[in-house]
Structure formats: structure tokens, C-alpha cells
Amino acid sequence: MNFLVPAFLAGLAALVVPLVLHLRHRDRDRPQRFPSLMFLEQITIRTEQRQRVSDWPLLLLRLLLLALLVFAFSRPLFRARGMASTDSRSRAVVLLLDRSQSMGYEGTWARALDSARAVVGRLGAGDRIAVVTYDDQAETRQRLTTDRAAALAALNGLSPRRRGTRLAPALRAARQLLLDAPFAAAEIVVISDLQRAGAIGVAGVELPAGVMVRGIPVGPASWENTTVHALDARRVVQEARTVLAVKARVRRHGGDAAMERTVHLMINGRDAASRTVPVSAGGETVVTFDPVPAPEGAVAVLVAMSPDALAADDTLVAVVPRDDDLGVQLSGGGETLYFERALGIGRAPSVLVSRTGGMPGGNARPAAVRVFWDVLPDATLTPWLEEGGGAIVVVGRRLAERRGSVSPLLPASLAGTADRLSDRGGTLREVRTEHPLFAPFRENADALGAVRFFRYARLDAEPDADVLARFDDGLPAILERRVGNGRLLLLALPLDNTAGDFPLQPAYLPFVRQLVLHTSGRDAAPLWRGTGDRWALPGTLAAPVVESPDGTLLRPTADSLGAAVPLADAGVYRAFASQVGGEPAALLAVNVPTSESVLTPMDTAELLLGVQAGGATVASDSAAQGSAGPQTDEELERRQSPWRVLLLLALVALTLETVLATRGRRGTARRVVAQPSTRPGAERTT
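Residues numbered from 1 in each chain as written. Predicted model: local features only at pLDDT ≥ 70, side-chain atom pairs only at ≥ 80, totals over all residues. Heavy atoms only, no water.

### As for the nonpolar core
Most often, soluble globular proteins keep nonpolar side chains buried together rather than apart.
Step number 1: Ranked by internal contacts, the top residues of the largest apolar core, which has 62 residues, are Ile478, Leu493, Leu495, Phe502 and Phe511.
Step number 2: Beyond its immediate sequence surroundings of up to four residues, Leu493 is in contact with Val394, Leu428, Phe453, Phe471, Ala477, Ile478, Phe502 and Phe511.
Step number 3: The next biggest cluster of nonpolar side chains, apart from the first, holds 28 residues, and it includes Leu144, Leu178, Ala186 and Val205. (Core = buried A, V, L, I, M, F, W, Y, C linked by side-chain atoms within 4.5 Å. Buried < 20%, exposed > 50% of the residue type's maximum accessible area, 1.4 Å probe, protein only. Contact = heavy atoms within 4.5 Å.)

### What to know about unusual backbone geometry
Step number 1: Positive phi values are uncommon outside glycine, yet Asn268 reaches one of about 50°.
Step number 2: Following the sequence through the fold, Asn268 ends up in the loop between strand E10 (259–267) and strand E11 (270–279).
Step number 3: Using a relative accessible area of 40% as the deciding quantity, one classes Asn268 as partly exposed.
Step number 4: Non-glycine residue Glu430 carries a positive phi angle of around 55°.
Step number 5: Here Glu430 lies in the loop between strand E22 (428–429) and helix H9 (446–449).
Step number 6: Exposure remark for Glu430: the relative accessible area of 59% places this residue in the exposed category. (Helix = DSSP H or I, 4+ residues; strand = E, 2+ residues; numbered from the N terminus.)

### Some thoughts on the confidence of the model for the protein chain
Step number 1: Mean pLDDT over the protein chain: 81, with 83% of residues reaching 70 or higher.
Step number 2: The secondary structure element of the protein chain with the lowest average pLDDT is strand E36 (residues 683–685), at 45, and the one with the highest is strand E4 (residues 128–134), at 95.
Step number 3: Note on residues 81–87: pLDDT under 50 across the span, and 13 contacts to partners over four residues away in sequence or across chains.
Step number 4: Below pLDDT 50 for its whole length, residues 682–686 participates in 14 contacts with residues either more than four positions away or in separate chains. (pLDDT = per-residue confidence, 0-100.)

### Things to note about the sheet that holds strand E33 (residues 586–591)
Step number 1: If you trace the five strands from one edge of the open sheet to the other, you get E27-E33-E32-E29-E30, paired in mixed fashion. Both outer strands of the open sheet, strand E27 (529–530) and strand E30 (553–554), are each paired with one neighbouring strand and no more.
Step number 2: Here E27 pairs with E33 via two bridges, running parallel. The partner of Gly530 across the bridge, within E33, is Asn591. (Pairing = 2+ DSSP bridges.)

### Considerations on the packing of helix H2 (residues 56–73) against helix H12 (residues 642–661)
Step number 1: Two numbers describe how H2 lies on H12: the axes approach to 9 Å, and their chain directions differ by 155°. Taken together, H2 and H12 sit at an angle that is classed as roughly antiparallel. As H2 packs across H12, the resulting crossing turns out to be left-handed. Counting all contacts with H2, which are made through Pro57, Leu58, Leu61, Arg62, Leu65, Leu68, Leu69, Phe71 and Ala72, the residues of H12 involved are Trp643, Leu646, Leu647, Leu649, Ala650, Ala653, Leu654, Leu656, Glu657, Leu660 and Ala661. (Axes fitted to C-alpha atoms, helices over the stretch in contact; angles between N-to-C directions. Parallel < 35°, antiparallel > 145°, perpendicular 65-115°, else oblique. Left-handed = near helix turned anticlockwise from the far one by under 90°.)

### A closer look at the packing of aromatic side chains
Step number 1: This structure, assessed with the given rule, holds seven aromatic pairs.
Step number 2: Centre to centre, the rings of Phe453 and Phe471 are 5.7 Å apart; their planes meet at 75°, and the pair counts as edge-to-face. Placement of Phe453 in the loop between H9 and strand E23 (455–461) and of Phe471 in strand E24 (residues 466–471) is noted, with a sequence separation of 18 residues between them.
Step number 3: Classification of Phe453 as buried rests on a relative accessible area of 0%.
Step number 4: On the basis of an interplanar angle of 15° and a centroid distance of 3.7 Å, the ring pair of Tyr456 and Phe471 is categorised as stacked. In this pair, Tyr456 sits in strand E23 while Phe471 sits in strand E24, placing the two residues 15 residues apart along the sequence.
Step number 5: What makes Phe471 buried here is its relative accessible area of 2%.
Step number 6: Taken together, the aromatic side chains of Phe453, Tyr456, Phe471, Phe502, Tyr508 and Phe511 make up a single cluster linked through ring pairs. (Phe/Tyr/Trp six-rings, centres within 6.5 Å; stacked < 30°, edge-to-face > 60°.)

### What to know about the sheet that holds strand E26 (residues 486–491)
The strands making up a sheet are joined through hydrogen bonds of the backbone, oriented either antiparallel or parallel.
Step number 1: On the basis of which strands lie adjacent, the open sheet formed by eight strands has the order E17-E16-E18-E19-E26-E25-E24-E22 and mixed pairing. Of all the strands in the sheet, the pair left with one neighbour each is strand E17 (351–355) and E22.
Step number 2: As paired elements, strand E19 (residues 390–394) and E26 share five bridges and run parallel to each other. Bridge assignment links Ile392 to a residue of E26, and that residue is Leu489.
Step number 3: Of the strands in this sheet, strand E16 (326–332), E17, strand E18 (369–373), E19, strand E25 (476–483) and E26 touch helix H10 (residues 508–520), which is tilted by about 150° from E26.

### What to know about the environment of Leu437
Step number 1: Tracing the backbone through its elements, the reader meets Leu437 in the loop between E22 and H9.
Step number 2: A residue is classified by how much of its surface remains accessible, and Leu437, at 0% relative accessible area, is buried.

### Looking at a nonpolar patch on the surface
Step number 1: Judged by side-chain polarity, Leu648, Leu651, Val652, Leu654 and Leu656 come together as a nonpolar surface patch covering roughly 460 Å² of accessible area.
Step number 2: Looking at the secondary structure, you find Leu656 in helix H12.
Step number 3: With relative accessibility at 47%, the residue Leu656 sits in the partly exposed group. (Patch = residues over 30% accessible without salt bridge, like charges linked within 9 Å, V, L, I, M, F, W, Y side chains within 5 Å. Areas by Shrake-Rupley, 256 points an atom, 1.4 Å probe, with all protein chains shown as cover. Salt bridge = Lys/Arg side-chain N within 4 Å of Asp/Glu carboxyl O.)

### Some points on the pairing of E11
On a regular strand, one side chain projects to one face of the sheet and the next to the other, so that they alternate.
Step number 1: As paired elements, E10 and E11 share nine bridges and run antiparallel to each other. Within the sheet, the bridge partner assigned to Thr262 lies in E11 and is Thr276.
Step number 2: What sits between the antiparallel neighbours E10 and E11 is a turn of two residues, in which Asn268 has the positive phi angle 50°.

### Topic: the pattern of salt bridges
Step number 1: Under the criterion given, the structure shown has 25 salt bridges.
Step number 2: In this structure, the salt-bridge partner of Asp180 is Arg143, at a minimum N-O distance of 2.9 Å. Here Asp180, found in the loop between helix H5 (167–178) and strand E6 (185–192), pairs with Arg143, found in strand E5 (residues 138–145); they are 37 residues apart in sequence, far enough to count as distant.
Step number 3: The exposure class assigned to Asp180 is partly exposed, which follows from its relative accessible area of 44%.
Step number 4: A salt bridge links Glu401 to Arg397, with the shortest nitrogen-to-oxygen separation between them at 3.9 Å. Assigned by exposure class, Glu401 and Arg397 land together as exposed.
Step number 5: Salt bridges here are not isolated pairs; linked through shared partners, they connect Asp135, Glu139, Arg141, Arg161, Arg163 and Asp569.

The following block contains the structure:
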């Protein structure tokens, strides 16, 4: 036996205290004044002064209580041959099995399943095990159980999925499962190729003290992988016809020599082109396909490569959105040159600006946008908004001269003009970058802060208005109000160069384009999204039903933010209205993050980097060894935890001491009873 904190053994000196207290205990006589002794019988009393223990059972119990507490705080551990590698307690093991895309590398998944079955086979009679599989999310396949057959059955039928790797959700799931076994020796076993990218977010996980985390790496000793890293697809007008131009980027990780790979292009499920290109070791090759005729509507593009050891990342999908022109009707007058030129740049969709003073005709699309440049909208705008249209009101010099609530549609009233020439212009502050209007600036929020506004309208926001940005003096700069299925945006910031330098700043072009796209409800969508994200379906889609890549039908429930679908698998998602059939109303391509193709492993010491502060310890294991190496004193003590037993015995001793000290002769006072004396005329008191 050894002690983890032997300094606490000095507390054994406290055993002297109960002994001294028992030796110093003696009955003390208290003299009493009495008027006369003539009526008392004189008795000879012999006194003797002695110091001895009169209550040995109570003394020994108190000494045992102190000794148990001292030994518990000293943290004893046993290093006997039979106890050094085992725990006196039963174990609670949570098996975390990685089934992300990288586990599909040649031979990796077979080693992972073999290691998982070996962990189950090494369990003791009273040990419990839980099975959790994880990729970018965690799934509990089996809760803590002593049934080995149930744990092995939870491993049947599993295979790697086209998803990313995130260890943090799996560790949180394991922490919750271990709450069902508070007094067992807790252990978490991670079976994975231990991709370095999978450890992102682990530092935010807290594990209880005493939890052993064991990593079993099953990845290949050496690896090389070629993947379709990215692609670019766009519509191009060529000789009076619209074609689809596609470029793919093929990247090779690892390897020593160059090789040739065949890359295929598929458009809406049909073969369109193929090319054989050389791929250098550790480099990237750009594959440019010949332009193909562009179909109408949204186009699903797939680029596939001849398979290698990790075939799952040899395919990349994208959706090129329909190229319907977005009509913008501009009403009013003023310096609109910069605004119109900014909207004329860009495709998918292309923005066509027309100047008109009237309402749009019957052929106008519900998603079109009306821009009122320094003029008030008329009453006919209300039905336009309720049917899903969008409107933008830009408050210029003429509108700013008016006061009060000038229109019931506007989300603010006018209060004059703010002149900022004297302090070198105002700037934007309190910009809500999480709003879709500011999506282009989430990575660089300072781009809008560099713009100067010398003169702008003062607005008093209505209670139901949504303020998206303010000037540095606190006045609203951009407000939004939902009207029916449409939305109305009110801008106090000038979009021309007469009252500010916004058109001269780099942020002007992306802001103006996103302003129109957001107002129309047609925010520019990327060619694909990553697994683990959510797809916010178009608000105009009634009773949506979504067909996932594996054919599963999903019917999302709409909330205050609309209907959204979790993107669990890679592939093409198709959204329909009410029922599946015909041409889909919307398409979305989903791919696994490109970091999943980099199989560089991390050391097991990095497995819980940032979590050791919570008290967890990390050990390494290999699929070949099947067991851990020599354990440190700290690991042995955490696994054995004899201090728990000592504290329990101390509690029992304290209970017995309380009962013993308050029962029997120790807790009973002697009564004084007056008895008549045998001698005539006298009384005796006992």
C-alpha cells in the first residue's frame, strides 16, 4: 500500500487529543455551606487521586474515527500484483465509435469494428458499457448495460457515412450517460482515426474528475488521398446562347509520385464530359471542362473521379441556381447612377432595373422589388407587399424636410435632417451582422464602419419596427417591417455621393446587391452547403416536403423563422410543395467539409487538449495491443478510490460514537432520593 498525499499522515498526531480528554476527566466535589452538623451522621470517607481511562469502548471508537479520516485524506492506493491493474469497483465504459467519412479509408473501418468488439469482450462480470457513434453529431446506440450481446448488436449494420468529424458532441453524450453510474470507475474509449480536424471544439467540453479517456487509433500508418476539392460552375453567354462553364479542382494529399486520374462531369444526372489529367504529389490540378448547353431552371452538377482508397470524397455536387432575371422598378428622381450601375454587376440572378412611376403590370413577378428613391409610396403598395413583393424606401433630402408620420406603411416617422459636416461625418454602429442583409460583411464587419455620412434623415422608429443598424449618434439607419408575405426596408443612409462617400467605398457594391436580394426574398445561395448545417426553405413554399439524398421524405414544421431542414447527408436535396412530383421548387447541394479528406492524425495526448482542467485523464491504446501500459499512481488511485470506502466507514463510526455516548449509563443522570434513617430522630439522604 502507498499513499498519494502522505503529508496528511501527520494528522495521526491528533489521536492524542481524545486520550488526553479521557485522562483529564474526573468527578469534582463542590462544597456546600450548611448551618449545623449536629444532626448529620459522621461517616469516614477515604479519597484517592488517580488518572486512568474509565470508558475504553468510547475512546477506541473516537480514535478509529480520526484515523479513518486521516487515511482517507492521504489517498491510499494498492500496488499489489493483483490490484495494480484492476479496480475494486465495477466499470462504466462508454464506447465512442467514429463513423465519419474518413473512416471509410481502405481497411480502417474493419479495424475499428474489431477494436470495438475487443473492448466489449474485455468487460468484467459487473461492468457496464454504452455505445455511441459519432460523425458531426452523436447518436446513442446503446445506453449503459451489462448485456454484452446488446452492445455487440448495437455495432451490427454500421458503416461510415458521408459526414464530417466532431468529437465534442460525442464527449458530451458520454458525460450524460455516465451520470447513470455515479460510483463506478468511469471510462471513455474513443475508437477513431483521430483526425486532427475532429478535435475542434473539444476545449469547450468539461468532464468530471476521475474519468479515464482512452484513445484507440485505427487509422492507416501511411496514407495518400486524392479528392475533388472544389468546383466553379456558372452560366455564360456564348454566341447568343447560354452555356454552363464548369471548372473542378483536384487536390492530392500525400504520396510521392504523380498519377493520372479520370474526372467525369454530370449535368442533372447525365454524363456531359470527362477528362484525364495528371495529378502531382501534394499539389492541385484545375480541370476545365468544355462548355455544355445550360438547361433551364436550377442545374444539379456532379463532378466524380475514379475511386481511390477513400472513394467517398471523390465526388462533389453543386447546384447552379436558375438564371431568372430579377426585376427592380425604380420610382422617383435623384442621383441614382451609382445605384443602377451596382445592380447591373453580377449574375445568378441578374438584376434588371427599369425606371417607372406607376405600379408594375400584371406580368410582374411576386419576387420583384420596388425602390422609392426619395418619394413616398402610395396606398397601392400594400397589396403588393402582402402578396410577397418587396419594397425599399430611400429617404433623401426632399423626404427629410417633411415631419411626422408621413405614411402608415413606413416603420418610422421623419424628424428632420442630421448635419454631420462639422465632425467629419457620421458612421454606422450597432450593425446586426447576424441579419441576412449583412451576410457579405460577417467576416469583415469593419468594411461598413469605414463609410462616412455627412447628411442624413432623422428617424423615430415605430414600436414594431426592426432596427437593423444605427448611426454612431444612435439614430436609426436601416429599418425593416414585414407586411404580409413581403418586407419593407426604410433607409436613412444616403446611397448617392451627394451626402456621403458610400458609393466610393468597396462595401457599396455587395451591400446594394444584397439589399435587393434580401428584399425580394432571393438571397444569393452558394453552390453547395456543408453537412451539419440547416436549410431554411423559401417562405413562399406552402406545406413543403423535402426529399433527402437517400430518398427519405422530410416534412419540416414551420416556426417563427420559417421551415428549416437539417442537412445530415451529402448529396442533392429537393424541395416540393405539398407532395413529391414534377419539377422541384428548390434544389440544394450538400458536401462533406473538405477537411475530412486530410487524414493527418493527432497524438492521443492532444485528444482532450483543454479538457484536462476538468480532471479527465488521457491514455493511449493501439488496436494491436488491446490494453494500456503501466499506470501512474494518480491513475491507480482514481480507479481504486479507497478513500470513498474510508469515508463511508468514518460515517459509520461517527454514528456509533453518537449512539454510544448518549445511551446507557453515559447518558443517564443519577437521581437523589430522601430515605428515612435507621437511627431514631434522624434522616438519611442518598
